[in-house]
Amino acid sequence: NDPALTQLDQPALQAVIFADSFLTTFQPLSLDHPKVLSPLNNVALIHYPLDTLASNGCEQVFVICTNDEVEEYLQTSAP
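Residues numbered from 1 in each chain as written. Predicted model: local features only at pLDDT ≥ 70, side-chain atom pairs only at ≥ 80, totals over all residues. Heavy atoms only, no water.

Enquirer: Mind showing me how you'd approach the overall build of the protein here?
Expert: What the protein contains, in helices and strands, is two helices and four strands. In the protein, the order of α-helices and β-strands from amino to carboxyl end is β-β-β-α-β-α. Taking all 79 residues of the protein together, 19% fall into the buried category. Within the protein, residue pairs in contact and separated by at least 24 positions form 69% of the contacts whose partners lie at least 6 positions apart. Here the protein displays about 6,300 Å² of accessible surface, and carbon together with sulfur accounts for 55% of that area. (Helix = DSSP H or I, 4+ residues; strand = E, 2+ residues; numbered from the N terminus. Buried < 20%, exposed > 50% of the residue type's maximum accessible area, 1.4 Å probe, protein only. Contact = heavy atoms within 4.5 Å. Areas by Shrake-Rupley, 256 points an atom, 1.4 Å probe, with all protein chains shown as cover.)

Enquirer: Can you walk me through a negative patch on the surface in this structure?
Expert: On the surface, Asp32, Asp68, Glu69, Glu71 and Glu72 cluster together into a patch of negative charge. For Asp68, a relative accessible area of 52% puts it in the exposed group. (Patch = residues over 30% accessible without salt bridge, like charges linked within 9 Å, V, L, I, M, F, W, Y side chains within 5 Å. Salt bridge = Lys/Arg side-chain N within 4 Å of Asp/Glu carboxyl O. Lys, Arg positive; Asp, Glu negative; His and termini not counted. Charge placed at Lys NZ, Arg CZ, Asp CG, Glu CD.)

Enquirer: Just checking my understanding: could you explain a nonpolar patch on the surface for this structure?
Expert: A contiguous nonpolar surface patch, about 420 Å² in accessible area, is contributed by Val16, Phe18, Phe62 and Ile64. Elements that contribute at least two residues to the nonpolar patch include exactly strand E1 (14–18) and strand E4 (60–64). Topologically, Val16 is positioned in strand E1. Judged by its relative accessible area of 48%, Val16 is partly exposed.

Enquirer: Just to check I follow, could you spell out the nonpolar core for this structure?
Expert: The nonpolar side chains of soluble globular proteins are, as a tendency, buried together. Core analysis: the biggest nonpolar cluster contains nine residues, these being Ile17, Ala19, Val36, Leu37, Ala44, Ile46, Leu50, Val70 and Leu74. Setting aside chain neighbours within four positions, we find Val36 in contact with Ala19, Ala44, Leu45, Ile46 and Val70. (Core = buried A, V, L, I, M, F, W, Y, C linked by side-chain atoms within 4.5 Å.)

Enquirer: Looking at this model, I keep getting lost on the environment of Thr66. Mind explaining?
Expert: One can find Thr66 in the loop between E4 and helix H2 (68–77). Separated by 46 residues in sequence, Thr66 and Asp20 place their C-alpha atoms 6.7 Å apart.

Enquirer: What is the right way to look at the pairing of E1 in this model?
Expert: Consecutive residues of a regular strand have side chains that alternate between opposite faces of the sheet. Residues Ala15 and Ile17 line the buried face of E1, whereas the alternating positions Gln14, Val16 and Phe18 sit on a face that is not buried. Two strands pair when backbone bridges link them, and E1 and E4 are joined in this way by five bridges, in the parallel orientation. Bridging from a neighbouring strand, Val16 pairs with Phe62 of E4. (Pairing = 2+ DSSP bridges.)

If you want it as structure tokens, here you go:
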């Protein structure tokens, strides 16, 4: 840890979220939409890890999913 290094010299903090699950534990709640889009306190579940990562300095998040609905949701709801 060289104190001469500035924050700009350090690589961006990155994270990966696996947003797909092929489990049936949320059925029948997840029949209409993916589990990560299920609301908890009127907020989609996917927002909780995203908010936690953002508040801890994560600059890039890669969301792995195979459902187009999740991708569309994130594109329209992201700030």
